[in-house]
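Below are the chains, spelled out letter by letter.
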Amino acid sequence: MPRREAPPIRIALAGAGTVGGALLDLLDRERHALLARLGVRFEVVSVLVRDAARPRSARLDRARLTDDVDAFLRAEAEVVVEAIGGTTVAGAIARATLLRGRRLVTANKALLRAEGPALASLVRAHEHLGAALDLEAAVGGGVPVVRVLRDSLAGHGLTAVRGVLNGTTNYILSQMERGHEFHAALAEAQRAGFAEADPSRDLDGTDASDKLAVLSWLAFGTDPRTLRIRTQGLAPDIGARVAAARLDGRVIRLVAQAERDPDGHVRASVAPVALDPTHPLARVQDEENVIVVESTSAGAITLHGRGAGGDATASALLADILRSLPHPARSLAVA
Ligand SMILES: NC(=O)c1ccc[n+]([C@@H]2O[C@H](COP(=O)([O-])OP(=O)(O)OC[C@H]3O[C@@H](n4cnc5c(N)ncnc54)[C@H](OP(=O)(O)O)[C@@H]3O)[C@@H](O)[C@H]2O)c1
């Protein structure tokens, strides 16, 4: 007898830019492999954009495209993926999704910093209806640090989280070490899709600070809205600092770190730091991210990988979509 196919998992996707577009490509590319490996099929039932009339790539089914948030929220879907960024519309989508007892997968660290604990409360209140929140794509791109903090190290006495969390600034610093000029390196990062739509959030350290607030929330339970993070980005003298560090045999990295002292007080900062090239935080190149999680029992665990760009972020979204499935695929996925 032919095997009965499970119904497709329906996805409502908010955003079809760098990240949302890469997720559509990934789902398309992996369609056969996902069916063969996990017995799972996906159907993207609605795609929310700002301007549905704008010309789009042929891979986007125009019949599924909408710029009407209410119509998007009415779409019947098992999973809502939020990849639009910002906090206003994204916040409304997140709250409505969880209030309806649906699963939300987001790449949006700014939203999580502003509303993470409130969204987590909504999940707790509506868990019995199926509400869930997954956020792997919000920090570290393709590096699965959220899972490590939420699952693998849950219950450990964590003492510090340190990392290079912003792919754009790391790309710029790596290019400057190779002799490129700041603006050329930034333009290349934007062309490659590593830079945020507004690169000022990357350059002034806000993006890394948002990510650190989310990591600190997951690691130490600190409220991401109120955690004070001393934040310094790449100042105009960064070229001189990179050159001086090079003469000294060192490299500059934008280091984000949160340390918890024995009294439970958390000190957090984001700043460019000169490091010995053998330091674990110094070894990241271009858009890579690295995160070191320190705990009393497990010591230091280092995670290193592609931290920005559509493909890396889409792979984290897909991992979260699979994780959130009320589907036999989940047990197969870990078999
Ligand atoms: N880029 C990365 O490497 C990266 C990595 C990790 C996480 N993220 C996060 O992923 C999210 C998306 O980033 P992105 O780089 O993909 O942004 P993007 O390229 O600017 O794409 C944003 C998409 O969302 C749509 N959109 C924006 N505002 C909207 C609104 N108010 N209503 C309806 N649709 C709206 C846009 O519609 P139009 O197409 O009509 O303009 C576009 O399709 C952000 O939270 C970002 O922080 C990005």
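None of the values given here were measured: they were computed from a predicted structure. (Residues numbered from 1 in each chain as written. Predicted model: local features only at pLDDT ≥ 70, side-chain atom pairs only at ≥ 80, totals over all residues. Heavy atoms only, no water.)

When you look at the packing of helix H6 (residues 145–152) against helix H12 (residues 310–323) in this model, what are you seeing that I'm missing?
Between two packed helices, what matters for the description is the angle formed by their axes and the separation of those axes. The contact between H6 and H12 brings their axes to 11 Å, and the two run at 35°. In contact with Arg147, Arg150 and Asp151 of H6, H12 contributes Ala319, Asp320 and Arg323. Looking at the contact of H6 with H12, its residues break down into 1 nonpolar, no polar and 5 charged. (Axes fitted to C-alpha atoms, helices over the stretch in contact; angles between N-to-C directions. Helix = DSSP H or I, 4+ residues; strand = E, 2+ residues; numbered from the N terminus. Contact = heavy atoms within 4.5 Å. Nonpolar A, V, L, I, M, F, W, Y, C, P; charged D, E, K, R; others polar.)

Sorry, what's going on with the nonpolar core here?
Nonpolar side chains tend to gather and get buried jointly when the protein is soluble and globular. Grouped together as the largest cluster of nonpolar side chains are 54 residues, with contacts concentrated most on Phe72, Val145, Leu212, Leu215 and Ile291. Sorting elements by how many residues they give to this core places helix H10 (residues 206–220) first, with 8 residues. For Val145, the contacting residues outside a window of four places in its chain are Glu136, Val139, Leu215, Ile291 and Leu303. Among the nonpolar cores identified, the runner-up in size contains 31 residues, and Phe42, Val49, Ala107 and Leu318 belong to it. (Core = buried A, V, L, I, M, F, W, Y, C linked by side-chain atoms within 4.5 Å. Buried < 20%, exposed > 50% of the residue type's maximum accessible area, 1.4 Å probe, protein only.)

Would you take a moment to explain unusual backbone geometry for this structure?
Phi at Asp286 takes a positive value of approximately 50°, unusual for a residue other than glycine. With respect to the helices, strands and loops of the structure, Asp286 is situated in the loop between strand S10 (266–275) and strand S11 (288–295). Given the relative accessible area of 18%, Asp286 is considered buried.

Is there a simple way to explain helix H7 (residues 167–177) in this structure?
Because the α-helix completes a turn every 3.6 residues, residues three or four places apart line up on one side. The buried count for H7 comes to 11 of 11 residues, which makes it a mostly enclosed element. What H7 keeps buried is the set Gly167, Thr168, Thr169, Asn170, Tyr171, Ile172, Leu173, Ser174, Gln175, Met176 and Glu177. Where H7 is buried, its residues meet strand S7 (158–164), helix H8 (182–191), helix H9 (200–203), helix H11 (238–247), strand S9 (251–260) and S11. A distance of 3.3 Å separates the backbone nitrogen of Thr168 from a side-chain oxygen at the start of H7, and that oxygen is part of Asn166. Immediately downstream of H7, the backbone of Gly179 shows phi near 100°, a positive value. (Polar contact = N/O pair within 3.5 Å; in protein donor to acceptor, adjacent residues only side chain to side chain.)

How should I be thinking about the side chain of Gln175 in this particular structure?
Among the secondary structure elements, Gln175 is positioned in helix H7. Among residues more than four places away in sequence, those in contact with Gln175 are His180, Ala185 and Asp286.

Got a minute to help me understand the pairing of strand S4 (residues 79–82) in this structure?
On a regular strand, one side chain projects to one face of the sheet and the next to the other, so that they alternate. Neither face of S4 is open: one carries Val79 and Val81, the other Val80 and Glu82, and all of them are buried. Strand direction decides the pairing type here: S4 and strand S5 (residues 103–106), joined by 4 bridges, are parallel. Along S5, the bridge assignment pairs Val79 with Arg103. Between S4 and its parallel partner S5, the chain crosses via helix H4 (residues 88–99), and the hand of that crossover is right-handed. (Pairing = 2+ DSSP bridges. Right-handed = clockwise from strand over helix to strand, strands pointing away.)

How do you make sense of the sheet that holds S10 when you look at a structure like this?
Adjacent strands of a sheet pair through backbone hydrogen bonds, lying either parallel or antiparallel. The strand order S8-S10-S9-S7-S11-S12 describes an open sheet built from 6 strands, whose pairing is mixed. If you trace the sheet from one side to the other, it starts and ends with strand S8 (229–231) and strand S12 (299–306), each paired once. Within this sheet the neighbouring strands show an average axis-to-axis angle of 20°, counted without direction. Here S9 runs beside S10; their pairing, made up of 10 bridges, is antiparallel. Bridge pairing links Leu254 to Pro272 in S10.

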